[in-house]
Amino acid sequence: MRKNKKRLWALLVSAALMAAQLPAARAAEGPEPADSVEKGDFIVEGAALIDSQEGGDFYLDGDVLHITSGKAMTIRMKNGVTATTDTILVPSSVTASVTLQGVNIDVSGTDKACAFAVEAGGEANVTLAGANTLKSGRYRAGLEVPENATLTLTGGDGDSLEATGGVGGAGIGGGNNGDGGTITISGGTVKATGIDGGAGIGGGSGDSGGGGGGGTIKISGGTVTAISGGTLGVGG
């Protein structure tokens, strides 16, 4: 009888030790996947997303949300937040698949801040859901797609994007002195406004009166309005 009690006690102690070690083991393995994560003023939603700078799908560094994988995700505003100065970045070598759902980013008061930037070598496949607004600071495009970067933008009839560059920046495309990348728009209602020499869609302004090259632009659907701060609504 005593032996059985001792054996049972040993088993209970062993089980307790194993349970205590589980959280540490999970922490060592990294964050657990989640379908909805609050980051800054955004909520990021998707299937089994991993919030981590090392091997994850996204992470927040300061006020910049980095998209670091091709996993499909939706970005929307946190409940109670109508506008934010948090921004979105798709780094080089990443092909992102992002739905913008009612996002309103306004960094127009901050020099060289970009609401949504795709780095050279990066690619962003963006689907619009609801009304979205991107406003950047001086020298940056509203939705920045420089040379060697790619943007594919689509949405339905009720989905929209208003992208406004800062001084010298395109609405969608290059920043000041910058060429635009490869830009394809196939749906949604899109209004892109360049400021002080920047194209609506295409290249940014140039310091000597010229502008950046327009890049490659294809518009196959949707309703698109491109307003230039210079001479060209679309191009460079």
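Residues numbered from 1 in each chain as written. Predicted model: local features only at pLDDT ≥ 70, side-chain atom pairs only at ≥ 80, totals over all residues. Heavy atoms only, no water.

1. Looking at the sheet that holds strand E20 (residues 223-227)
Argument step 1. One open sheet holds the five strands; their spatial order is E8-E11-E14-E17-E20, and the pairing between them is parallel. Whereas interior strands pair on both sides, the edge strands pair on one side only; in this sheet they are strand E8 (104-106) and E20. Between one strand axis and the next, the sheet turns through 10° on average, direction left out of account.
Argument step 2. Sheet analysis places E8 next to strand E11 (residues 131-135), joined by three bridges and oriented parallel. Within E11, the position partnered with Asn104 by the bridge is Thr133. (Pairing = 2+ DSSP bridges. Helix = DSSP H or I, 4+ residues; strand = E, 2+ residues; numbered from the N terminus. Axes fitted to C-alpha atoms, helices over the stretch in contact; angles between N-to-C directions.)

2. Let's talk about the environment of Gly121
Argument step 1. Tracing the sequence through the fold places Gly121 in the loop between strand E9 (116-118) and strand E10 (123-129).
Argument step 2. Relative accessible area serves as the criterion here: at 41%, Gly121 is assigned to the partly exposed category.
Argument step 3. Through-space distance from the C-alpha of Gly121 to that of Val90 is 9.6 Å; in sequence the pair is 31 residues apart.
Argument step 4. Apart from the residues lying within four places of it in its own chain, the contact partners of Gly121 are Ser92, Ser93, Val94, Asn148 and Ala149. (Buried < 20%, exposed > 50% of the residue type's maximum accessible area, 1.4 Å probe, protein only. Contact = heavy atoms within 4.5 Å.)

3. A short note on the pairing of strand E2 (residues 42-49)
Argument step 1. Inspection of the sheet shows strand E1 (residues 34-39) paired to E2 by five bridges, in the antiparallel sense. Counterpart to Val37 in the pairing with E2 is Val44.
Argument step 2. What sits between E1 and E2 in their antiparallel hairpin is a turn of two residues, with Gly40 showing a positive phi close to 60°.
Argument step 3. The pairing of E2 with strand E5 (residues 73-77) spans five bridges and is antiparallel.

4. As for the pattern of salt bridges
Argument step 1. For the structure shown, the criterion picks out six salt bridges.
Argument step 2. Asp57 is paired through a salt bridge with Lys71; the nearest N and O atoms lie 3.5 Å apart. With Asp57 in the loop between E2 and strand E3 (58-61) and Lys71 in the loop between strand E4 (64-67) and E5, this residue pair connects regions lying 14 residues apart in the sequence.
Argument step 3. The class of Asp57 is buried, set by a relative accessible area of 7%.
Argument step 4. Using a relative accessible area of 32% as the deciding quantity, one classes Lys71 as partly exposed.
Argument step 5. Residue Glu144 pairs with Arg140 through a salt bridge whose shortest N-O separation is 3.0 Å.
Argument step 6. Judged by its relative accessible area of 22%, Arg140 is partly exposed. (Salt bridge = Lys/Arg side-chain N within 4 Å of Asp/Glu carboxyl O.)

5. Observations concerning the nonpolar core
Argument step 1. Of all hydrophobic cores here, the largest spans 40 residues; its most connected members are Ile67, Ile75, Phe116, Leu143, Leu151, Leu153 and Ile172.
Argument step 2. Residue contacts for Phe116: discarding those within four places in its chain leaves Ile88, Val90, Leu100, Ala124, Val126, Leu134, Gly142, Leu143 and Glu144. (Core = buried A, V, L, I, M, F, W, Y, C linked by side-chain atoms within 4.5 Å.)

6. Observations concerning the pairing of strand E6 (residues 87-90)
Argument step 1. Along E6, one buried face is formed by Thr87 and Leu89 and the opposite face, lined by Ile88 and Val90, is buried too.
Argument step 2. One ladder, built from three bridges, connects E4 with E6; its direction is parallel. Bridge assignment links Leu65 to a residue of E6, and that residue is Ile88.
Argument step 3. With three bridges joining them, E6 and E9 adopt parallel strand pairing. When the sheet's bridge partners are listed, Leu89 is paired in E9 with Ala117.

7. Quick look at the side chain of Thr87
Argument step 1. Within the secondary structure, Thr87 sits in strand E6.
Argument step 2. Leaving out residues up to four positions away in the same chain, Thr87 has contacts with Phe42, Asp63, Val64, Leu65, Ile105, Val107, Cys114 and Ala115.

8. Describing the environment of Asn104
Argument step 1. Considering the arrangement of structural elements, one finds Asn104 in strand E8.
Argument step 2. Its relative accessible area of 24% is what places Asn104 among the partly exposed residues.
Argument step 3. When the C-alpha positions of Asn104 and Met77 are compared, they lie 7.6 Å apart, and in sequence the two are 27 residues distant.
Argument step 4. The residues contacting Asn104, other than those within four sequence positions of it, are Met77, Thr82, Ala83, Thr84 and Thr133.
Argument step 5. Engagement of the side chain of Asn104 in a polar contact is seen with the backbone oxygen of Thr82, the distance being 3.1 Å. (Polar contact = N/O pair within 3.5 Å; in protein donor to acceptor, adjacent residues only side chain to side chain.)

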